[in-house]
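Given next are the chains, with one letter for each unit.
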Amino acid sequence: MGENLYTYKYPHPSVATDIVVFGYDGKNLNLLLIERGGEPYKGSWALPGGFLQMDETVEEGALRELNEETNISNIYLEQFHVFSAVDRDPRDRVLSVAFFALVRKSDYNVLGRDDAIRAEWFNISELPPLAFDHAEIVDMAIENLRRAIMFKPLAFRLLDRTFTMGELQHIYELVNGTQHDCRLTTRS
């Protein structure tokens, strides 16, 4: 690469990725968070993610950051939104491309690595306060997941190879925050 390959006359924002990883443990829908090891928000919980490098796509950057911070690799990511509020990061003008993923928790040994002190799963209904605008990102990820799961076979990413219809129904209920009674009734 040439020395002046990326020089611009006008100011420009940094680009980051944030990944909302939903994990199913057979009972609950959980969210993977990292405890930040650096400022800003040192010691706070946040989504895995970070700044894009000059030689990678947003998908490559998201997968790299996820692996560096949590030890998770080789997962399917779905991009769902770009967060661009002017003041979303106190360090600089930062755009974040957000992704969500669905995994079986038992398939991964999460470890806090790189700039993450630790990585942990939290029940989706019991999340701690989150750094930056990550609560907004999680809320939008849940809404996108609710829409996507109706049209794509995403629930199967959370299940074992063999599963019951009740297990599949339970995932849809967790994602949608509903309960369904699917028993057949007869009329006399």
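Residues numbered from 1 in each chain as written. Predicted model: local features only at pLDDT ≥ 70, side-chain atom pairs only at ≥ 80, totals over all residues. Heavy atoms only, no water.

(A) Summary view of the nonpolar core. The biggest cluster of nonpolar side chains holds 29 residues, and the ones touching the most others in it are Val20, Phe22, Phe80, Phe100 and Ile171. Secondary structure elements with two or more residues in this core: strand 1 (14-24), strand 2 (29-36), strand 5 (78-83), strand 6 (94-104), helix 2 (134-151) and helix 3 (165-176). The element that contributes the greatest number of residues to this core is helix 2, accounting for seven residues. Those residues in contact with valine 20 that sit more than four places away from it in its chain are Leu31, Leu47, Phe80, Phe99, Phe100, Ala101, Ile137 and Ala141. Listed in part, the 21 residues of the second largest apolar core include Val21, Ala62, Ile75 and Ala131. (Core = buried A, V, L, I, M, F, W, Y, C linked by side-chain atoms within 4.5 Å. Buried < 20%, exposed > 50% of the residue type's maximum accessible area, 1.4 Å probe, protein only. Helix = DSSP H or I, 4+ residues; strand = E, 2+ residues; numbered from the N terminus. Contact = heavy atoms within 4.5 Å.)

(B) The arrangement of the environment of serine 96 in detail. Tracing the chain through its elements places serine 96 in strand 6. Once the C-alpha coordinates of serine 96 and glycine 61 are considered, the two residues, 35 residues apart in sequence, prove to be 11 Å apart. Those residues in contact with serine 96 that sit more than four places away from it in its chain are Ala16, Thr17, Asp18, His81, Val82, Phe83 and Arg88. Only 2.5 Å separates the side chain of serine 96 from the side chain of aspartate 18, close enough to count as a polar contact. (Polar contact = N/O pair within 3.5 Å; in protein donor to acceptor, adjacent residues only side chain to side chain.)

(C) The arrangement of the packing of aromatic side chains in detail. Counting across every chain of the model gives five aromatic pairs. Residues tyrosine 41 and phenylalanine 132 carry aromatic rings whose centres are separated by 4.7 Å and whose planes lie at 65 degrees to one another, so their mutual orientation is edge-to-face. In this pair, tyrosine 41 is assigned in the loop between strand 2 and strand 3 (45-46) and phenylalanine 132 in the loop between strand 7 (116-123) and helix 2, connecting sequence segments 91 residues apart. Taken together, a centroid distance of 4.9 Å and an interplanar angle of 75 degrees make the contact between tryptophan 45 and phenylalanine 122 edge-to-face. Highlighted residues: tryptophan 45 in strand 3 and phenylalanine 122 in strand 7, separated in sequence by 77 residues. An identical accessibility class is assigned to tryptophan 45 and phenylalanine 122; each is buried. (Phe/Tyr/Trp six-rings, centres within 6.5 Å; stacked < 30°, edge-to-face > 60°.)

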